[in-house]
Amino acid sequence: MEKKHGPAKGNSYGMVIDLDKCTGCGTCMVACSAENNLAVRPDESDKQRSITWMRLYKVTNGKEFPHAEVSYFPRPCMHCDHHTPCVSVCPATATETDYHTGIVSQIYTRCIGCRYCMAACPYHARTFNWWDGYFPKGKGLERYLSPEVSPRMRGVVEKCTFCHHRLMRAKTQAYAEERKELEEGEYITACTEACPAQAITFGDLNNPEHKVTRLAKSPYAFRLLERLGTEPKVYYISTKDWVRKLGDNYLPGEFKPISTVKAG
Amino acid sequence: MEKPIKPSLRAWLEGGGFFVAGFIGALVVGWVIFPMVLYSKQPQPMNFNHALHLNPEKVDGIQGDTETERCLYCHGFYDDGTFKGIPRLAACTECHDDPESPLGKTLEEKAFMEEYVAKNKEIQWLSYYKQPDCVYFSHIAHVKNGKLDCRVCHGDHGKTSVIPDYEANRLTGYSRNIWGKRISGLKTNTWDRMKMDDCAECHSQKGHEENNACFVCHK
């Protein structure tokens, strides 16, 4: 049965990634993996099997030198607001959209591993644990595990949680200071914090004073596969028309470059 | 002359007798023997008298007007709001600082002084209330923000003079306090169990349905 929900009440946490600033260094991926207890595979070079919540895609404009251009798409979970595809198909209610934070949860102890959500997700943001998490013994890796994030077991799906434990940490801090509301910047994801180019901005899209809200309204802002209507909460910014065009599938002549939009 | 019992009735009585005996036997196995097999018992490394320590008339130095405030004197919060849990030895030695001069007269304290304070060794307490790894719980959200008393979940633990043995479920490894002491799983007090439904029940009763979202308590 479909529940009727309006837009997120309270907070709606989201992210804006400036692709003009992104250098494709991959620090966000590393920071994410370290923060969220991502296990390593014995052979990490096998990318069909390795797990990452934040994946970096490289795109090119397909032209020859000297006109070749490259851009990178860091891709976390989009935390779709509307008809969240993974949530609507999950038969176990192991994933749901929290309409007070806008975060799409994933409960590993509830997941039955059917991978229907992986098929439904248009962004390939979900990965399946074919094996129990592996943390090489004797190399000290297990000592870096965070107690704030539960490790995943074999047979469940996992995905980016917008570092939900950091929201809890920030809330706990706020309660200690006898506040109920969080200030901007108190809760940011690990990738946001780690990005050396500061390409990622994180905040509450429902709060007009937050920087993300302003950035998301930029004429250069777009979302991946926006026309599917899933209302992703991860926005990208690029001043390059060819990069924005790659954000969705357009029929010939359908995509409007910004310059022509302005002129028209 | 007595009327002979009909063979068919006799069979019924005999069968009924065996049924009742078997039924009682099964109940004993299920309600008495099974919990004994299921739960392991481990004594704590030493006794701790909560009732004595929480009594400001007997213990000089415990601060706080209400019971919860006195609990928080030892089981308090760090500056970042995280819960300290079971105090470390340093909290004990704030008062019990000199191994040569115990503050009370009990043999237990004397042993504690010799075994732990003099050797500066941490006490390996067993936690009754440790939740599974997948559970997130913020004490400060409940105690400071929600203004709940400790006893709502922890019952009269603070009034005991002898701490109970730690019992763990041999199958899951979790403390018995999570399921509750009653094997039936029924509860009469809010502190009888610490399962997900108990958290959700209280959230709903207090009008905080939004806190029943999965990601509030799961991580």
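Bear in mind that the values here come from a model prediction, so they are computed numbers and not experimental data.

If you tally the helices and strands in chain B, you get ten helices and two strands. Each helix and strand of chain B, placed in order from N terminus to C terminus, yields the pattern α-β-α-α-α-α-α-α-β-α-α-α. Relative to the 2.2 N^0.38 estimate, which gives 17 Å for 219 residues, the radius of gyration of chain B is 24 Å and therefore markedly larger than a compact globule would have. Along the first, second and third principal axes, the C-alpha atoms of chain B reach 85 × 50 × 30 Å. Within chain B, the proportion of its 219 residues that are buried is 12%. Restricting the contact set of chain B to residue pairs at least 6 apart, pairs at least 24 apart contribute 58%.

On to the overall build of chain A, then. A count of helices and strands for chain A gives eight helices and eight strands. Computed over its C-alpha atoms, the radius of gyration of chain A comes to 19 Å, within 12% of the 18 Å expected for a compact globule of 264 residues. Looking at chain A residue by residue over its 264 residues, the buried ones come to 38%. Relative to all contacts within chain A whose residues are 6 or more apart in sequence, the contacts with residues 24 or more apart total 62%.

Okay, the interface of chain A and chain B next. With 20 residues of chain A in contact, the opposing surface of chain B contributes 19 residues. The residue inventory of the side of chain A that touches chain B, partitioned by class, reads seven nonpolar, eight polar and five charged.

All names here are of chain A. As summarised here, the arrangement of the four strands in space is β6-β1-β8-β7, forming an open sheet in which the pairing is mixed. Only two strands of the sheet have a single neighbouring strand rather than two, namely β6 (200-204) and β7 (221-222). Bridge count for strand β1 (residues 13-18) against β6 is five bridges, and the pairing is antiparallel. Each bridged residue has a counterpart across the sheet, and for Tyr-13 the counterpart in β6 is Asp-204.

For the rest of this paragraph, the subject is the nonpolar core. One finds Val16(A), Ile17(A) and Ile200(A) to be the most contacted residues of the largest nonpolar core, which totals 56 residues. Among all residues touching Ile17(A), those that are not within four sequence positions of it are Cys22(A), Pro74(A), Ala199(A), Ile200(A), Val234(A) and Tyr236(A).

Let's shift gears to the environment of Pro164(B). By secondary structure assignment, the location of Pro164(B) is in the loop between α7 (151-154) and β2 (166-169). Considering only alpha carbons, one finds Pro164(B) and Ile140(B), 24 residues apart in sequence, at a separation of 26 Å.

To continue, consider the environment of Thr239(A). Residue and element names in this part refer to chain A. Inspection of the secondary structure puts Thr-239 in the loop between β8 (234-237) and α7 (241-245). As a C-alpha pair, Thr-239 and His-83 span 156 residues in sequence and 29 Å in three-dimensional space. Aside from chain neighbours lying at most four places away, what touches Thr-239 is Asp-20 and Tyr-220.

Moving on, we come to the confidence of the model for chain B. In the predicted model, chain B carries a mean pLDDT of 89, and 99% of its residues have values of at least 70. Across the interfaces of the predicted complex, the ipTM metric reaches 0.84, alongside a pTM of 0.88.

With that settled, consider unusual backbone geometry. Going from Phe65(A) to Pro66(A), the amide bond is cis rather than trans, its omega being 10°. Among the secondary structure elements, Pro66(A) is positioned in the loop between β2 (55-60) and β3 (70-75).

What follows covers helix α4 (residues 164-176) of chain A. Its 13 residues give α4(A) an end-to-end C-alpha distance of 19 Å, which sits within 8% of 18 Å, the value for a rise of 1.5 Å per residue. Three or more residues of α4(A) are buried, namely His164(A), His165(A), Arg166(A), Leu167(A), Met168(A), Lys171(A), Thr172(A), Ala174(A) and Tyr175(A). At its buried positions, α4(A) is contacted by α6 (139-145) and α10 (214-217) of chain B. The first or second residue beyond α4(A) is Glu178(A), which carries a positive phi of 55°.

All names here are of chain B. Of note, Lys-159 is situated in the loop between α7 and β2. Sequence separation of Lys-159 and Leu-52 is 107 residues, and the distance between their C-alpha atoms is 8.2 Å. When residues no more than four places from it in sequence are discounted, the contact partners of Lys-159 are His-50 and Ala-51.

Conventions adopted
- Residues numbered from 1 in each chain as written.
- Chains lettered and ligands numbered in written order.
- Predicted model: local features only at pLDDT ≥ 70, side-chain atom pairs only at ≥ 80, totals over all residues.
- Helix = DSSP H or I, 4+ residues; strand = E, 2+ residues; numbered from the N terminus.
- Rg over C-alpha atoms; globule rule 2.2 N^0.38 Å.
- Buried ≥ 20, exposed ≤ 12 C-beta atoms within 10 Å, placed from the backbone.
- Contact = placed C-beta atoms within 7 Å.
- Nonpolar A, V, L, I, M, F, W, Y, C, P; charged D, E, K, R; others polar.
- Pairing = 2+ DSSP bridges.
- Core = buried A, V, L, I, M, F, W, Y, C linked by C-beta atoms within 7 Å.
- pLDDT = per-residue confidence, 0-100.
- Expected span 1.5 Å × (residues − 1).

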